[in-house]
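Results of the structural survey
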Amino acid sequence: MGNRVTCTIGNGAGFLGDNLDAPRRLVETARLDYLTLEYLAELTLSILARLKEKDPAAGYAADFIDVLESLGPALAAQPRLKIVTNAGGMNPASCARAAAAVLEAAGLGQEPIGVVTGDELTAQLGALEALGCRFDNLETAAALSTLGREVVSANAYLGARPIAEALARGARIVITGRVADASLTVGPAAHEFGWSWDDWNRLAGASVAGHLIECGAQATGGLYRHWQTIDLANVGYPIVEIAADGSSVLTKPAGSGGRVSRATVAEQLVYEIGDPAHYLTPDVDVDFTSVELEEIAADRVAVRGALGQPATDTYKVSLAYRAGYTAAGELLVYGRDCVPKARAAAEMIFARLQHSGVRLEETHVECLGAGEAVPGIGRPPADLREVMLRIAVRDPRRDAVERFSKEFAPLITGGPPGIAGYANGRATVRPVFAYWPTLVPKQLVSTKVEVRPTHEWK
């Protein structure tokens, strides 16, 4: 397009489970060109992989469908408003079908939906390994061939380019699988301003803007160190006004709670960036050390100065594999001797398991309330009279973990006095999907963009 002065993008979700009303409130109280909704993290992908395993039609962020239903009136009243989301998770096409049903019910059956796929590599791992891709673990350097476990999902972090392509082909709603968080913002900006994909400084500026809003209200006062001084009950979600040169202004809806200041923005700026001189995205290598923040008005912070270098020739891959089974149980333990009593109760559980021939591969015991959530930081009060005993285990054998889950109840009458909380029932046994971070050459990944009217997705 290339003739825009600014592109206004708001983010209404920072993770799967974020405030369901935030997207609607954002579009009702601020005029946006784009609403982004960011749902995915490594843990989320594992959860969605498990859901798809149970139901081949599942595996996407179902919250998005509820959110989209609430956005129907705004989409009808604001024809310029577009939505970009990675809600597709492990199943973008199924997500598009569910979204299409909602849009058609809202009288928006002609609106084009774009779907970006190509991030899912699970079925291709063998072929890619045959081409020489080792999928070395980024933390241990071990090759995937040494893992010896079943891989359940492998998703490359795609970039902004297929999102921009979907928008160029007329999509009003773009649904992706795993893309880098900041790319949800870079795609619309690159499309609106007509940037080339080697315009590194502009791409870097948009990546910084995307990074600032990707966690939702975390940029507008969430987790702020002076949180007592602001209204978080009515916190406003973030908006970036991106200029053609890649600079931006971060703000929030007028009258909403929270705060946009140099301090709140700076706290988000340094969140999860690794090397600040080389923040690696699929789109660009960003230098955060050159970024300048300036408060230019109440709840308005200018962000400028980002520098970019060519992106790497690889995509990061989030790979999950089966790592056995887990369960965790809790009991409230009361009394002046609550801490030693809780520890004794845990030892009773493990002793009884050993008597029945069960020794678990991994166990973890903590007395919450006694300073163990952050070991070494604080001490329990002298008059401490209650703690929450929490025991978590993991083992390759499901039956061993199930037996563990059955050892809490016997403490009701066969343990020390002052135990409660057993009315919640037995701990749930569930499979463990462990994380294997790795890389794949970009040239080996093929992305696909489909754009169809809503009624054709049903």
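Residues numbered from 1 in each chain as written. Predicted model: local features only at pLDDT ≥ 70, side-chain atom pairs only at ≥ 80, totals over all residues. Heavy atoms only, no water.

**A look at the overall build of the protein**
The secondary structure content of the protein amounts to 13 helices and 19 strands. Scaling as 2.2 N^0.38, a compact globule of 458 residues should have a C-alpha radius of gyration of about 23 Å, and the protein matches this with 24 Å. In the form shown here, the protein has an accessible surface area of approximately 20300 Å², with 51% of it arising from carbon and sulfur atoms. Once the 44 positive and 54 negative side-chain charges of the protein are each reduced to a mean point, those two points are 5 Å apart. (Helix = DSSP H or I, 4+ residues; strand = E, 2+ residues; numbered from the N terminus. Rg over C-alpha atoms; globule rule 2.2 N^0.38 Å. Areas by Shrake-Rupley, 256 points an atom, 1.4 Å probe, with all protein chains shown as cover. Lys, Arg positive; Asp, Glu negative; His and termini not counted. Charge placed at Lys NZ, Arg CZ, Asp CG, Glu CD.)

**Focus: the sheet that holds strand β7 (residues 239-243)**
In spatial order, the strands read β11-β12-β8-β7-β1-β2-β3-β6-β4-β19; together these 10 strands make up an open sheet with mixed pairing. Taken across any chain shown, the strands that pair with only one partner, and hence form the sheet edges, are β11 (292-297) and β19 (448-453). Pairs of neighbouring strands in the sheet enclose a mean axial angle of 20 degrees, with direction left out of account. One ladder, built from three bridges, connects strand β8 (residues 248-251) with strand β12 (residues 300-304); its direction is antiparallel. Note on β12: the bridge partner recorded for S248 is V303. (Pairing = 2+ DSSP bridges. Axes fitted to C-alpha atoms, helices over the stretch in contact; angles between N-to-C directions.)

**A few points about the nonpolar core**
Of all hydrophobic cores here, the largest spans 63 residues; its most connected members are V174, W195, V208, I242, L250, L319 and V440. Broken down by element, the residue count for this core peaks at seven residues, all from helix α8 (residues 200-213). The contact partners of V440, leaving out residues within four places of it in the chain, are L121, L128, C133, F135, A156, D313, T314, Y315, V317 and V445. Among the nonpolar cores identified, the runner-up in size contains 44 residues, and V27, L48, L75 and C95 belong to it. (Core = buried A, V, L, I, M, F, W, Y, C linked by side-chain atoms within 4.5 Å. Buried < 20%, exposed > 50% of the residue type's maximum accessible area, 1.4 Å probe, protein only. Contact = heavy atoms within 4.5 Å.)

**Examining empty space enclosed by the protein**
In total, this model carries one cavity of 30 Å³ or more according to the counting rule given. Taken as a whole, the largest cavity encloses approximately 30 Å³ of empty space. Around the largest cavity, the lining residues are N11, T36, E38, D181, L184, T185, G210, I213 and E214. Contributing elements (two or more residues each) for the lining of the largest cavity: α7 (183-193) and α8. (1 Å grid on protein atoms, 1.4 Å probe; cavity = no way out; pocket = protein on both sides within 12 Å on 5 of 7 lines; lining within 4 Å. Points joined across faces, edges and corners; volume = space filled by probe spheres on them.)

**Describing the sheet that holds strand β13 (residues 307-309)**
Backbone-to-backbone hydrogen bonds join strands into a sheet, with any given pair of strands oriented parallel or antiparallel. Pairing within the open sheet is antiparallel, and its three strands lie in the order β9-β10-β13. The open sheet is flanked by β9 (279-280) and β13, the only strands paired with a single partner. Pairing between β9 and strand β10 (residues 285-287): two bridges, direction antiparallel. Pairing of L280 across the sheet is with D285, part of β10. Sitting on the sheet, α8 touches β9, β10 and β13, and the angle it makes with β13 is about 115 degrees.

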